[in-house]
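# Chain and residue survey
Read off the chains here:
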Amino acid sequence: MSTVAFVTFERFPELTPDDQLAAAALQAAGIAVDALQWDADTDWGRYATVILRSIWDYHHRLDEFRAWLDALDAAGARVLNPTEVLRWNMDKLYLQDLQAAGFAVTPSVWLPRGAKARLADILAQKDWAQAVVKPTVSAGADDTFMVLASDVEARQADFADLLARKGVVVQQFMAELQAEGEWSLMFFNKRYSHAVLKQPGEGDFRVQRHYGGREEAAQPPQALIDQAQEIVDDVDAELLYARVDGVAQADTFVLMELELIEPALFFGATEGAAERFAQAVARQLVEHKNT
């Protein structure tokens, strides 16, 4: 029996409830799963595959995380998604690459750490009534806030403090997020599996559950699936999983995030999702064995 590692962190040593569904589906398919914290002293090279799942503190420990990726490579571990993909995807600057490739991406202004800038000038130059400010390396909406053009001066100190510590992206607020919701489309081995529609909490703009957000299974229009598929296919690497987040503007999918490191994959939202993921892992193991 093959054994794979599901990588987590200290808050979920036994995996998140959602990932437990995937682990159970793998066990049923004859693939054993070990749940391991990413900073554990482990011989990662002994696993058939190392699968990153809920490593939700990595953005607070970037130097350690990068060193861990280097150690995985040195150990000859097979990692999914691959370490070169993880390094590319951990910084939201990857969105520039996808925009250059022709995909519709949330309009953004990128600022390096230490830059001197005024939020009021950015919103005025872009003619944005609302904007979202976030670090270029973050997860779970940490250090993320929304600003209105009418009260932008009141947030300048917060903006300057964030810039002093991190690279920052200022993005136009997508009104569709509150009006219709944010789509998350899941792909396994680059094939569409299922989707959820996420809604922010009342009076908020963030869709994460710990901010009051919620999600429900939903079937996006085929045009959105096709556009998300093109984004996934543009990544020149094998991807065990991808979550494509964005909003619909008429028939156009506007990309907000391409999650390739540690996204929740909402296995419990749709019947058969965990089993499709298990099948994708099994296919990866067979193909790797035959190479």
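Scroll up for the structure.
Residues numbered from 1 in each chain as written. Predicted model: local features only at pLDDT ≥ 70, side-chain atom pairs only at ≥ 80, totals over all residues. Heavy atoms only, no water.

## Side note on the side chain of Glu-257
Here Glu-257 lies in strand β13 (residues 252–259). A polar side-chain atom of Glu-257 sits 2.9 Å from a polar atom in the side chain of Tyr-94. Aside from chain neighbours lying at most four places away, what touches Glu-257 is Lys-92, Tyr-94, Lys-134, Arg-243, Val-244 and Asp-245. (Helix = DSSP H or I, 4+ residues; strand = E, 2+ residues; numbered from the N terminus. Polar contact = N/O pair within 3.5 Å; in protein donor to acceptor, adjacent residues only side chain to side chain. Contact = heavy atoms within 4.5 Å.)

## Remarks on the sheet that holds strand β1 (residues 3–8)
Strand order in the open sheet formed by four strands is β2-β1-β3-β4, with parallel pairing between adjacent strands. This sheet does not close on itself; its edge strands, each paired only once, are β2 (32–37) and β4 (79–80). Note: strand β3 (residues 49–52) against β4, two bridges, orientation parallel. Bridge pairing in β4 places Val-50 opposite Val-79. Seen against the sheet, helix α1 (residues 17–28) touches β1 and β2 and runs at an angle of roughly 175° to β1. (Pairing = 2+ DSSP bridges. Axes fitted to C-alpha atoms, helices over the stretch in contact; angles between N-to-C directions.)

## Focus on the sheet that holds β13
With antiparallel pairing, five strands are arranged side by side in an open sheet as β11-β10-β9-β12-β13. One side of each edge strand has no neighbouring strand; the edge strands of this open sheet are β11 (214–217) and β13. Neighbour-to-neighbour, the strand axes of the sheet open up by a mean angle of 30°, direction not taken into account. As paired strands, strand β9 (residues 182–188) and strand β12 (residues 241–249) are joined by six bridges and run antiparallel to one another. Bridged to Leu-185 within β12 is Val-244. Sheet strands touched by helix α8 (residues 222–234): β9, β10 (191–199), β12 and β13. Its angle to β9, the strand with the most contacts, is close to 55°.

## Regarding a negative patch on the surface
On the surface, Asp-226, Glu-230, Asp-233, Asp-234 and Asp-236 cluster together into a patch of negative charge. Counting through the fold element by element, Asp-226 comes out in helix α8. (Patch = residues over 30% accessible without salt bridge, like charges linked within 9 Å, V, L, I, M, F, W, Y side chains within 5 Å. Areas by Shrake-Rupley, 256 points an atom, 1.4 Å probe, with all protein chains shown as cover. Salt bridge = Lys/Arg side-chain N within 4 Å of Asp/Glu carboxyl O. Lys, Arg positive; Asp, Glu negative; His and termini not counted. Charge placed at Lys NZ, Arg CZ, Asp CG, Glu CD.)

## Regarding the pairing of strand β7 (residues 145–148)
Moving residue by residue along a regular strand, the side chains alternate between the two faces of the sheet. Burial along β7 is one-sided: the face carrying Phe-145 and Val-147 is buried and the face carrying Met-146 and Leu-148 is not. In the sheet, strand β6 (residues 130–135) pairs with β7 via four bridges, with the strands oriented antiparallel. Its bridge partner being in β7, Gln-130 is matched across the sheet by Leu-148. (Buried < 20%, exposed > 50% of the residue type's maximum accessible area, 1.4 Å probe, protein only.)

## Topic: helix α5 (residues 119–126)
Restricting attention to buried positions, one finds in α5 the residues Leu-119, Ala-120, Ile-122 and Leu-123. For α5, the arc enclosing every buried residue in end-on projection is 165°, short of the 170-degree limit, so these residues lie on one face. Facing away from the buried side of α5 by over 90 degrees, the exposed positions are Ala-124 and Gln-125. Check the buried side of α5 and you find it contacts β5 (108–111), β6, β7, α6 (156–165) and β8 (168–172). Once α5 ends, the next one or two residues include Asp-127, with phi positive near 60°. (Arc of directions from axis to C-beta.)

## Re α6
Here α6 has its buried residues at Gln-156, Phe-159, Leu-162 and Leu-163. All buried residues of α6 project into a common sector of 125° when viewed along the axis, lining one side. Seen from the open side of α6, the exposed residues pointing more than 90 degrees away from its buried face are Ala-157 and Ala-164. On the buried face of α6, the contacting elements are β5, α5, β6, β7 and β8.

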